[in-house]
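Topology and contacts: notes
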Amino acid sequence: MNFERIKEKLEILADAAKYDVSCSSSGSKRTNKNKGLGDSSGMGICHTYTEDGRCVSLLKILLTNHCIYDCAYCVTRRSNDIKRAAFKVQEVVDLTISFYRRNYIEGLFLSSGIFKNGDYTMERLIQVAKKLREEENFNGYIHLKSIPGASDELMREAGLYADRLSINIEIPTEKGLKLLAPEKNRKDFIQPMQKVANEIIQYKSEKKLIKSTPIYAPAGQSTQMIVGASGETDAEIMYTSSYFYKKFNLKRVYYSGYVPISYDNRLPSIGSDVPILRENRLYQTDWLLRFYGFDIRELLNKENPNLDTDIDPKLSWALRNFGNFPIDVNRADKNMLARIPGIGLKSVYKIINARRFRKLNWEHLKAIGISLNRAKYFIVCDSRTFESKDRTAAQVKGLILGSIKSKFHHSYSNQLNLFDGQQKIIS
Amino acid sequence: MKATTFIYDGTFEGFLTSVFEVYEKKVVYPKIMKQEHYKASFFDISEVVITDTHKADRVWKRINEIASSNAKRTIYHAFLSEQPTIENDLLYLLKKLFSTSTPKLIDKDFSDQIILKISKIVKMVDREKHRMDAFVRFKLTLDNIYTAIIEPDFNVLPLNSVHFKNRYADQKWLIYDSRRKYGVFYNLIEIQTVEIEFFNNIALDKIAKEYLCPNEDAFQVLWKQYFDSTNIVSRKNLKLHIKHVPKRYWKYLVEKRGV
């Protein structure tokens, strides 16, 4: 191994891969075989966190940042004047194994710029995964990127070695895609995604009949959308997202606040803020849809095309439907409990178990760990003291906002209050 | 009424033996304490417990008969927390377990202060176990053993060893807990507990370079490079970073302490 050269490549190709936010290493079922190396049957592990607070679970690199496309939002676009590099297949294999053996990583996340064409690129990615599985008996986690335009045969093969496959649709609307990546076509993303979805369904049904069916992409498929690059609304993002969840049975959709990397006037300019708060609200909505039993139409619709920035989406929903409250925590079913602001799924579990022994009062709820500062306006329990019932939703919102100090406070109050600085000087 | 304190050796068997003694002697106000925590007091009656595998087995067998698998897990994991009064909290849980009509639910009564406290301690222990799965950084020594030193807040190494055995089945490895002065070693066949005596306390957090493989440094440099390159500077959030990777672990992390 030429360590100096590898280090240079790593610098370029890890840097280029970092805008793909997925780093999950969970959900696979691959166990260690024949005293080989690695096991990815357990839960995901974040081995460290970058200084921006994101988890590092996989060695996330591009095979190369040479690319034939010129997508405006992408740092490796053809027209961008940057250093280019490419790993050899064997180099990626060796690097993955040596990092894995030292317990630095859970596995490999390999993506690539598109060189020559989709199939040629996809073939190289598959070669890496195949070598790892067959020559190194590696059972760690492998996440491969599905390359737009890759053929069905290659997608079939990729799933035999990878735990997860993903293809990023990046731009939530077709209109936006046309503007920012005119050379790309929605269809080129959909076809590999559709193929993988079908293969997973087929694997599951064959597995029931024939036990030895080789596993196919056991950790499923995911995708990513860039937020804030093409002027789309939250509703457009989340309706696209739930369409993809349903249609392709995705495990995850990631939302990536656009990090300005270009002076292209079609995009937010360099120096503008990454929309971190918005990204956070979208993830909260995603969670409400997947785990809390909400329907997308309850959270975003014609009247509410964007999420509130000052309060979380569950609280917004509860205030819009204030008539459904208060809820009796000692009687309500699991689904109803999960809809109360300030009560998460772990608290729901604890409440349901604890109330079998005795009726719960405010002290119990506080000890269990629910956020009473939000929840108290929406519940009743085994106690004589209650929050007054004749408040309006707007009053409750005001009380809650007065009682919490959000870490994002500055990012929405600045927009509302132009004279913030001056007020400080006066007072 | 005077409390009777049972003093035991700090092992799980010792604790279970103490529980046996509490029941056998029908003590009304029992306390169980590790030898190292015990300070003789004029007002206490104390009794030294001699760990007895037979007695411990009998208690564990009874727990197995009536408790849910989650409750058994709760008892063992809470014990590993080494919290000063954990023995008495567990004794409270066991008394409830042995007397209730619904033993399968006993660990789920989150409206009971002590049960809730135990469940929170278990959560802390499990988090620490998970952290060690993540934060172990092996270095390859000249005798071909992947070696790591850790210093977990709780005694979680027994919980980690299965995870590492499943994962690194084809390499020899050693993980050493420098706070509790023992380690687990995998020799390609089975896991052994090893106690290593160091004659001085210096350099316990790093392995001397002359014992490491010649390429070891180079891999650490690559890892550090990867760690730095994968960071997005415009999203910098050190508060979140430190929340996930608390400073007390940095000295064992290649990417945080440098090579």
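Residues numbered from 1 in each chain as written. Chains lettered and ligands numbered in written order. Predicted model: local features only at pLDDT ≥ 70, side-chain atom pairs only at ≥ 80, totals over all residues. Heavy atoms only, no water.

Examining the overall build of chain A
If you tally the helices and strands in chain A, you get 17 helices and 10 strands. Projected onto the principal axes, the alpha-carbon positions of chain A cover approximately 70 × 60 × 40 Å. Taken across its 427 residues, chain A has 56% of its residues classed as buried. Within chain A, contacts between residues separated by at least 24 positions form 67% of all contacts whose residues are at least 6 apart in sequence. With the model as given, the accessible surface of chain A reaches about 19,400 Å², and the carbon-plus-sulfur share is 51%. A distance of 5 Å separates the average location of the 66 positive side-chain charges in chain A from that of its 48 negative side-chain charges. (Helix = DSSP H or I, 4+ residues; strand = E, 2+ residues; numbered from the N terminus. Buried < 20%, exposed > 50% of the residue type's maximum accessible area, 1.4 Å probe, protein only. Contact = heavy atoms within 4.5 Å. Areas by Shrake-Rupley, 256 points an atom, 1.4 Å probe, with all protein chains shown as cover. Lys, Arg positive; Asp, Glu negative; His and termini not counted. Charge placed at Lys NZ, Arg CZ, Asp CG, Glu CD.)

Details of the overall build of chain B
From N to C terminus, chain B includes 9 helices and 8 strands. Across its three principal axes, chain B shows a C-alpha extent of roughly 65 × 45 × 40 Å. In chain B, which comprises 259 residues, the share counted as buried stands at 51%. Of all intrachain contacts in chain B linking residues separated by at least 6 positions in sequence, the fraction that spans at least 24 positions is 69%.

Brief notes about unusual backbone geometry
Residue and element names in this part refer to chain A. Residues Phe325 and Pro326 are joined by a peptide bond in cis, for which omega reads 0°. Assignment of secondary structure puts Pro326 in the loop between α10 (313–320) and β9 (327–328). Positive phi values are uncommon outside glycine, yet Asn103 reaches one of about 60°. When you line up the elements, Asn103 lands in the loop between α2 (89–101) and β4 (107–111). Owing to a relative accessible area of 0%, Asn103 belongs among the buried residues under this scheme. Positive phi, normally seen in glycine, also occurs at Asn249, with a value near 55°. Looking at where Asn249 falls in the secondary structure, it is placed in the loop between α7 (234–248) and β8 (252–257). Relative accessible area serves as the criterion here: at 54%, Asn249 is assigned to the exposed category.

Quick word on the sheet that holds strand β4 (residues 139–140) of chain B
Residues and elements named next belong to chain B. The strand order β4-β5-β6-β7-β8 describes an open sheet built from 5 strands, whose pairing is mixed. The open sheet is flanked by β4 and β8 (191–194), the only strands paired with a single partner. For β4 and strand β5 (residues 145–150), the ladder comprises 2 bridges, and the chain directions are antiparallel. By the bridge assignment, Lys139 is partnered in β5 with Thr147. (Pairing = 2+ DSSP bridges.)

What to know about the packing of aromatic side chains
All names here are of chain B. Overall, the coordinates contain 31 aromatic pairs over all chains when judged by the stated rule. Considering the side-chain rings of Phe12 and Phe79, the 5.0 Å spacing of their centres and the 55° angle between planes classify their relative orientation as tilted. With Phe12 in helix α1 (residues 12–24) and Phe79 in helix α3 (residues 69–80), the pair connects residues that are 67 residues apart, well separated along the chain. Grouping residues by exposure puts Phe12 and Phe79 together as buried. (Phe/Tyr/Trp six-rings, centres within 6.5 Å; stacked < 30°, edge-to-face > 60°.)

With respect to the pairing of β5 of chain B
Residues and elements named next belong to chain B. With respect to burial, β5 is a largely interior element, 6 of its 6 residues being buried. By the alternation rule, side chains of β5 split into Ile145, Thr147 and Ile149 and Tyr146, Ala148 and Ile150, which are all buried. Both β5 and strand β6 (residues 172–177) contribute to a ladder of 6 bridges, which runs parallel. Directly across from Ala148, in β6, lies its bridge partner Ile175. Regarding topology, helix α6 (residues 157–167) serves as the crossover connection from β5 to the parallel β6, and that connection is right-handed. (Right-handed = clockwise from strand over helix to strand, strands pointing away.)

Examining the side chain of Arg180 of chain B
Residue and element names in this part refer to chain B. Examined against the element boundaries, Arg180 turns out to sit in the loop between β6 and β7 (182–186). Polar contacts involving the side chain of Arg180 include one to the main-chain carbonyl oxygen of Asp153, which spans 3.0 Å. Polar side-chain contacts of Arg180 include one of 2.9 Å to the side chain of Asp177. Other than its neighbours up to four places away in sequence, Arg180 contacts Glu82, Pro152, Asp153, Phe154 and Asn155. (Polar contact = N/O pair within 3.5 Å; in protein donor to acceptor, adjacent residues only side chain to side chain.)

Considering the domain arrangement of chain B
Residues and elements named next belong to chain B. The assigned domain composition of chain B is domain 1 (4–128) and domain 2 (136–257). If you average the C-alpha positions of domain 1 and of domain 2, the two centres end up 32 Å apart. Facing 9 residues of domain 1, the contacting portion of domain 2 comprises 9 residues. Summed over both sides, the interface between domain 1 and domain 2 buries roughly 820 Å², with carbon and sulfur atoms accounting for 62% of that surface. Linking domain 1 to domain 2 there are 1 salt bridge. Residue Arg180 is joined to Glu82 by a salt bridge in which the shortest nitrogen-to-oxygen separation is 3.1 Å. On the surface where domain 1 and domain 2 come into contact, there are 4 residue pairs in polar contact (both at pLDDT 80 or more). Listed by contribution, the elements that provide at least two residues to the side of domain 1 that touches domain 2 are α3 and α5 (113–135). Looking at side-chain class alone, the side of domain 1 that touches domain 2 contains 4 nonpolar, 3 polar and 2 charged residues. (Domains from an automatic or database assignment. Buried area = accessible area lost by both parts, 1.4 Å probe. Salt bridge = Lys/Arg side-chain N within 4 Å of Asp/Glu carboxyl O. Nonpolar A, V, L, I, M, F, W, Y, C, P; charged D, E, K, R; others polar.)

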